[in-house]
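# Fold and contact review
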Amino acid sequence: MGAPSRAGDRWITPSRNHTGTVHETRKNVRNKTLSVSYTSTAPTAAAAPGGPLAYPASMDAPPEAATELRHSPEPRPLVAVLGRRGVLSADTPILRADDLGVLRGDGVFETMDVRAGAPWLLDEHLTRMVSSAESSDLDLPPRKALADLAAQTCAAWDPAVEGALRLVCTRGPERGGPVTCYATVGPIPPTTLRARREGIRVATATLGFAADVRSRSPWLLGGVKSLSYAVNMASQRWAVGQGLDDVLWLSSDGYALEAPTSTLVWLSGTELWTVPTTTGILPGTTARYLLDHAADFGWQAGTKLVRPEELTSADGVWLTSSVRGLAPVRALDGRELTWSEHTRAVRELLGYPI
Ligand SMILES: Cc1ncc(COP(=O)(O)O)c(C=O)c1O
C-alpha cells in the first residue's frame, strides 16, 4: 500500500497488487471520489516529495527517480514589493482592497523558474511583460527596476532549492495612482513535479472562437499574460473534475491552441512544431527556447496549425511552461500518445531537475 499523499493533493491512496496493477483513488473538485486503475512494472516510491510515484507500463521510457533534496524541506514563500524595503513572508498583506488587480484582474504578470538562486530566461520574461503591458495600456516601471526586484527576491531564496518566481504588476488603485508591483517566490508544487516525472492526461476543450479571431481583435488581449486567469483556472479544474490533469484549448474551427498555462509542442519525425502566435496564444518562453535549440537534436523547428487528431500520430507531444518545464502528454481525449524517447534529453536541455 502506498503512503497517503499530502492534504490538498487530489491523489489519495495509490496501491499496487502483485500483478502490477495500480489502483488510485482521487477526489475531484466536487469532492467526489474517483477510482483509477492501470498497469505498472515500476517500483512504487512512497517517499517522493510530490507524493507516491506511479506510472503506466505503456510509457516507453520510465520516469526517473525523484531527487528529493532539491525540493525538501519546503522553504517559506516570500514577497518583495517595488518601492518598499526588504523581502517579507508571503503572508504579509501588501495589496489595497481597491486595487484593480483584485477588482478586475487588471494587470500583467510573469512566472519564472528559479535555479541556483536566479530566474531562468529573465530577459525573455521581462520582454514579454513589457509587451503585455503595452498591449494593456499599463504603465510598467522601468525594466531595470523589475529586474532588480526579481534579483532582490531571489537573493532571499535558498539557491539550492528550485523555486517559482512571480512578477506581478497591477493597474493600481481604482481611483487612480501608481501601478502596484511585487514579486513572490515559493517552492515548486508537488503536482508540478509529478507532471514532469510522469506526464499528464489531457482533454481538449473549446475556447469558443476561431483561430484567427484574436489577431484582429486587440481587446481580446491575445498574446498578453494578463492577470485575468479565471477562465484558465476553471479549465484546469474542469479537467481535474474529469479525473485528468490538464486541458488543450481548441479554436471553434477545430485547431489546437495552447493549454491554460502552457504551450503545445510536438515532434513529427525530425520536425519540432508549435502553434503560431497569430492565433493569439501566449508566446511561450520555454517553447521558444526549445525550438531555438532544435538543431541540437538534428531537428528542424517551425510553427503550424494542427488538429488534435493529428497529434495522436506524433512522435512526442509535450506541454511546456516555465515552472512545470516539460510535461509529456501521455493521453489526449482518452487516446494514448507516444512517450517520446527524447523526453529526458529535452528536459535536460531545458535544465529542469525531476
Ligand atoms: C496561457 C499560457 N500559455 C503558455 C504558457 C507558457 O509560457 P512560458 O513557457 O513562458 O511559461 C503559459 C505560462 O506562462 C500560459 O499561461
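Above this text sits the structure in question.
Scoring rules and cut-offs
Residues numbered from 1 in each chain as written. Predicted model: local features only at pLDDT ≥ 70, side-chain atom pairs only at ≥ 80, totals over all residues. Helix = DSSP H or I, 4+ residues; strand = E, 2+ residues; numbered from the N terminus. Contact = placed C-beta atoms within 7 Å. Near = placed C-beta within 6 Å. Nonpolar A, V, L, I, M, F, W, Y, C, P; charged D, E, K, R; others polar. Buried ≥ 20, exposed ≤ 12 C-beta atoms within 10 Å, placed from the backbone. Pairing = 2+ DSSP bridges. Right-handed = clockwise from strand over helix to strand, strands pointing away. Core = buried A, V, L, I, M, F, W, Y, C linked by C-beta atoms within 7 Å. Axes fitted to C-alpha atoms, helices over the stretch in contact; angles between N-to-C directions. Parallel < 35°, antiparallel > 145°, perpendicular 65-115°, else oblique. Left-handed = near helix turned anticlockwise from the far one by under 90°.

With that settled, consider the overall build of the protein chain. The secondary structure content of the protein chain amounts to eight helices and 17 strands. Here the analysis covers contacts within the protein chain between residues at least 6 apart in sequence; of these, 66% occur between residues at least 24 apart.

Further remarks concern the site of the ligand. Close to the ligand lie 14 residues, the nearest being Leu 282, Gly 284, Thr 285, Thr 286 and Ser 322. The set of elements that each furnish at least two residues to the shell around the ligand consists of α6 (285-292) and β15 (316-321). Broken down by element, the shell around the ligand gets its largest block of residues, three residues, from α6. The class makeup of the residues in the shell around the ligand is three nonpolar, 10 polar and one charged.

Here the focus is unusual backbone geometry. Notably, Leu 121 is not glycine yet its phi reads approximately 60 degrees, a positive angle. Tracing the backbone shows Leu 121 in the loop between β7 (118-119) and α2 (122-135). Accessibility expressed as a C-beta count within 10 Å gives 18 for Leu 121, which makes it partly exposed. The phi angle at Asp 333 is positive, at roughly 50 degrees, despite the residue not being glycine.

Take the sheet that holds strand β6 (residues 107-115) next. Reading across the sheet, the six strands line up as β5-β4-β9-β8-β6-β7 and stay open at both edges, with antiparallel pairing between neighbours. On the outer flanks of this sheet lie β5 (87-89) and β7, each paired with one strand and no other. Taken together, the eight bridges between β6 and strand β8 (residues 163-170) define a ladder with antiparallel strand orientation. Paired with Asp 113 across the two strands is Ala 164, which belongs to β8.

The subject of this paragraph is the pairing of strand β4 (residues 78-81). Put simply, side chains in a regular strand alternate between the two faces of the sheet. Summarising the sheet, β4 and β5 pair through three bridges and their orientation is antiparallel. When the bridges of β5 are listed, Val 79 appears paired with Leu 88. Here β4 hands over to β5 after five residues, with Gly 83 in that stretch at a positive phi of 90 degrees. Pairing of β4 with strand β9 (residues 180-187), which is carried by four bridges, proceeds in the antiparallel orientation. When the bridges of β9 are listed, Val 81 appears paired with Tyr 182.

Attention shifts here to the pairing of strand β14 (residues 300-303). In this sheet, β14 lies alongside strand β13 (residues 271-274) in parallel orientation, the contact comprising four bridges. Across the sheet, the residue bridging to Glu 271 is Gln 300, located in β14. Handedness of the β-α-β unit built from β13, α6 and β14 comes out right-handed.

The next point concerns the nonpolar core. With 38 residues, the main nonpolar core has Leu 248, Leu 257, Leu 264, Val 265, Trp 266 and Val 329 as its most contacted residues. For this core, the elements supplying multiple residues, two or more each, are β10 (200-206), β11 (246-250), β12 (263-268), β13, α6, β15 and β16 (325-332). Excluding residues within four positions of it along the chain, Leu 257 makes contact with Leu 207, Ala 211, Trp 249, Leu 250, Ser 251, Val 275, Thr 279 and Ile 281. By size, the runner-up hydrophobic cluster in this structure holds 35 residues, among which are Leu 122, Ala 164, Val 179 and Ile 188.

Once that is clear, we can look at the environment of Thr 286. Its place among the elements puts Thr 286 in helix α6. By the C-beta count within 10 Å, which is 25 here, Thr 286 ends up buried. For Thr 286 and Met 112, which are 174 residues apart along the polypeptide, the C-alpha to C-alpha distance reads 9.9 Å. Once residues within four sequence positions are removed from consideration, Thr 286 is found in contact with Thr 263, Thr 320, Ser 321, Ser 322, Gly 325 and Leu 350.

Where α2 meets helix α3 (residues 143-155), the closest approach of the two axes is 11 Å, and the angle between their N-to-C directions is 130 degrees. As the angle between them shows, α2 and α3 are arranged oblique. In this structure, α2 meets α3 at a crossing whose hand is right-handed. Here Leu 122, Leu 126, Met 129 and Val 130 of α2 lie close against α3, whose contacting residues are Arg 143, Leu 146, Ala 147 and Ala 150. Considering only residue class, the contact of α2 with α3 consists of seven nonpolar, no polar and one charged.

With that settled, consider the environment of Val 130. Counting through the fold element by element, Val 130 comes out in helix α2. Assessed through the 16 C-beta atoms surrounding it within 10 Å, Val 130 is described here as partly exposed. Sequence spacing of Val 130 and Pro 141 is 11 residues, and the spatial spacing of their C-alpha atoms is 9.3 Å. Sequence-distant contacts of Val 130, defined by excluding residues within four places in its chain, comprise Leu 140 and Arg 143.

With that settled, the discussion passes to the environment of Val 81. Among the secondary structure elements, Val 81 is positioned in strand β4. The exposure class of Val 81 is partly exposed, given the 19 C-beta atoms found within 10 Å. Sequence separation between Val 81 and Val 168 is 87 residues, and the spatial gap between their C-alpha atoms is 9.6 Å. With residues up to four places along the chain from it excluded, the contact list for Val 81 reads Ile 94 and Tyr 182.

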